[in-house]
Amino acid sequence: MNSEQAARLRAEMVERQLRGGGIRDERVLAAMAQVPRELFVPAESVARAYLDGALPIASGQSISQPHMVAHMTELLDVRPGMRVLEVGTGSGYGAAVLAALGARVISVERHPELAEAARSRLAGLELGLGLAKAVRVVVGDGSLGWPADAPFDGIIVTAAAPRVPAALRAQLADGGRLVVPVGMRGRQELMLVVRRGDSFEERACGPCVFVPLIGQGGFAEPAPAGDSGPGKGRRRWFGRPHL
């Protein structure tokens, strides 16, 4: 796929999938028209980068469908200069869209290999936006947030939790917005949580399906195939954050 083909497919994605699918925030549409999604998918998936669906990436993770990225970003209501925590870096595509909107992003990824690949990808994708400076990718248990830099104006979670993680609520600034898929494995509801002082308003924003959020505030890590017996199958990921 050359740059002209990618630009045409990107424009079609914005008009048909996003605007046609109900996305109304022109800033979100412009950001997604600018970020080259084909650079965030594996080589074998480049031809499918702009299709209306999620795609697998390394470490058993996925890059969300374009419409879901736009929907979650629109719910977050990103403004220039906002401090945003992203839980689940994945390929780095979502962080790039947030940065294109002017956010200062800390993105937490539990898989070191994904974090390193995302850093390299963002560093090579300036687009006149200074993405490498606007996004800091760290390794840690994202279900616990990133307390060292809290509070955040916005938090976006790209994996499903069984409930809204308490640590993420606590790290929202007053008036801050949290967008998170909540439910059981295989089917969830996208939730918007808005902090009002010491209280939190919640609104359901539609069904969705995401990979599980693994960590202390999420799901237990599945046991490897053949791992069974007393004390097995309930292992959790307790990685310590690393800068």
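On a predicted model such as this, the values are computed, not experimentally measured, just so you know.

Engineer: Would you take a moment to explain the overall build of the chain for this structure?
Structural biologist: Each helix and strand counted, the chain has seven helices and nine strands in total. Relative to all contacts within the chain whose residues are 6 or more apart in sequence, the contacts with residues 24 or more apart total 54%. Accessible surface for the chain amounts to roughly 11000 Å². Of this, 53% is attributable to carbon and sulfur atoms.

Engineer: Quick question: what am I supposed to make of the pairing of strand E4 (residues 104-109) here?
Structural biologist: A regular strand places its side chains so that they alternate between the two faces of the sheet. In terms of residue burial, E4 counts as a mostly covered element, since five of its six residues are buried. Handedness of the crossover is the feature at issue here: the chain leaves strand E3 (residues 83-87), passes through helix H4 (residues 93-100), returns alongside E4, and the resulting connection is right-handed. As paired strands, E4 and strand E5 (residues 135-139) are joined by five bridges and run parallel to one another. Of the residues in E5, the one forming a bridge with Val108 is Val138.

Engineer: Just to check I follow, could you spell out the side chain of Ser91 for this structure?
Structural biologist: Examined against the element boundaries, Ser91 turns out to sit in the loop between E3 and H4. Overall, Ser91 belongs to the buried group, its relative accessible area being 6%. Polar contacts involving the side chain of Ser91 include one to the main-chain amide nitrogen of Tyr93, which spans 3.3 Å. Look past the residues within four positions of Ser91 in its chain and what remains in contact with it is Phe40, Ile57, Ile63, Ala118 and Arg121.

Engineer: Which parts of the structure should I look at to understand the layout of surface pockets?
Structural biologist: In this structure, the largest pocket encloses a volume near 700 Å³. Gln61, Ser62, Thr158, Ala159 and Val211 are, among the 42 residues lining the largest pocket, the residues nearest its centre. Of all the secondary structure elements, the ones that give two or more residues to the lining of the largest pocket are strand E2 (62-63), helix H3 (66-76), E3, H4 and E4. Looking at which element gives the most residues to the lining of the largest pocket, the answer is H3, with four residues. Residue composition of the lining of the largest pocket, by class: 19 nonpolar, 18 polar and five charged.

Engineer: Would you explain the packing of aromatic side chains in this entry?
Structural biologist: Centre distance and the angle of the planes are the two values used to describe a pair of aromatic rings. Counted by the stated rule, this structure contains one aromatic pair. Centre to centre, the rings of Phe40 and Tyr93 are 5.6 Å apart; their planes meet at 65°, and the pair counts as edge-to-face. Residue Phe40 is found in the loop between helix H2 (26-34) and strand E1 (55-56), and its partner Tyr93 is found in helix H4; the two are separated by 53 residues along the sequence. Looking at Tyr93, the relative accessible area reads 1%, which means it is buried. Over the aromatic face of Phe200 sits the side chain of Arg169, whose NZ or CZ is 5.3 Å from the ring centroid.

Engineer: Would you explain the sheet that holds strand E7 (residues 172-184) in this entry?
Structural biologist: Within a sheet, neighbouring strands are paired by backbone hydrogen bonds and run either parallel or antiparallel to one another. One open sheet accounts for seven strands, arranged E5-E4-E3-E6-E7-E8-E9; its pairing is mixed. Looking at the sheet topology across the chains shown, the edges are occupied by E5 and strand E9 (199-208). Neighbour-to-neighbour, the strand axes of this sheet turn through a mean angle of 20°, independent of strand direction. Two strands pair when backbone bridges link them, and E3 and strand E6 (residues 152-157) are joined in this way by four bridges, in the parallel orientation.

Engineer: I keep staring at the pattern of salt bridges and nothing clicks. Help me out?
Structural biologist: Side-chain pairing between opposite charges can occur once the charged atoms of the two side chains come close. Considering all chains together, one arrives at 13 salt bridges under this definition. With a closest N to O distance of 2.7 Å, Glu26 and Arg19 form a salt bridge. Residue classification places Glu26 among the partly exposed positions, given a relative accessible area of 46%. We note a salt bridge from Arg136 to Asp149, for which the minimum N-O separation is 2.8 Å. Of the two residues, Arg136 is situated in strand E5 and Asp149 in the loop between E5 and E6; the sequence distance between them amounts to 13 residues. Classification of Arg136 by relative accessible area gives partly exposed; the value is 31%.

Engineer: Whenever I open this one, the environment of Thr158 confuses me. Can you help?
Structural biologist: Looking at the secondary structure, you find Thr158 in the loop between E6 and helix H7 (166-170). Residue classification places Thr158 among the partly exposed residues on the basis of a relative accessible area of 24%. Residues Thr158 and Ser64, 94 residues apart in the sequence, show an inter-C-alpha distance of 8.2 Å. Setting aside its immediate chain neighbours within four residues, Thr158 contacts Glu86, Val87, Gly88, Phe210 and Val211. Of the polar contacts made by the side chain of Thr158, one reaches the backbone oxygen of Gly88; its length is 2.7 Å.

Rules used in this analysis
Once a new chain begins, its residue numbering starts again from 1 and follows that chain's sequence as written. The model is predicted, so local features are restricted to residues of pLDDT at least 70 and side-chain atom pairs to those at 80 or more, both for listing and for counting; the totals for chains, interfaces and linings are taken over all residues. With hydrogens and water set aside, each side-chain value is computed from the structure's full complement of heavy atoms. Helix and strand assignments come from DSSP, with helices taken as H or I runs of at least 4 residues and strands as E runs of at least 2, each series counted from the N terminus. Contact definition: two residues touch when any of their heavy atoms are within 4.5 Å. Residue burial considers only the protein chains on display, and all accessible areas are found by Shrake-Rupley using a 1.4 Å probe. Buried residues are those whose accessible area, probed at 1.4 Å on protein chains only, stays under 20% of the maximum for their type, while exposed residues exceed 50% and partly exposed ones sit between those limits. A right-handed crossover is one whose linking path, passing over the helix from the first strand to the second, runs clockwise when the strands point away from the viewer. A pair of strands is treated as paired once DSSP finds two or more bridges between them. Whenever two N or O atoms come within 3.5 Å, that pair is a polar contact, provided that in protein one can donate a hydrogen and the other can accept it, and provided that, for residues adjacent in sequence, both atoms are side-chain atoms. As defined here, a cavity is a set of points on a 1 Å grid over the protein atoms alone where a 1.4 Å probe fits but cannot get out. A pocket is an open set with protein on both sides within 12 Å along at least five of seven lines, and residues line them when an atom is within 4 Å of a point. Grid points are joined across faces, edges and corners, and a volume is the space filled by probe spheres set on the points. Residue polarity follows a fixed list, in which Ala, Val, Leu, Ile, Met, Phe, Trp, Tyr, Cys and Pro are nonpolar, Asp, Glu, Lys and Arg are charged, and the others, Gly among them, are polar. Each Phe, Tyr or Trp ring, with Trp reduced to its six-membered ring, pairs with another whose centre is within 6.5 Å; inter-plane angles below 30 degrees give stacked pairs, above 60 give edge-to-face pairs, and intermediate values give tilted ones. Only lysine NZ and arginine CZ atoms are considered, and such an atom sits over a ring when it is within 6 Å of the ring centre and within 35 degrees of the ring normal. Orientation is described by lines fitted to C-alpha atoms, with helices fitted over the stretch in contact, and by angles between N-to-C directions that extend from 0 to 180 degrees. Every case where a carboxyl oxygen of Asp or Glu lies within 4 Å of a side-chain nitrogen of Lys or Arg is listed as a salt bridge.

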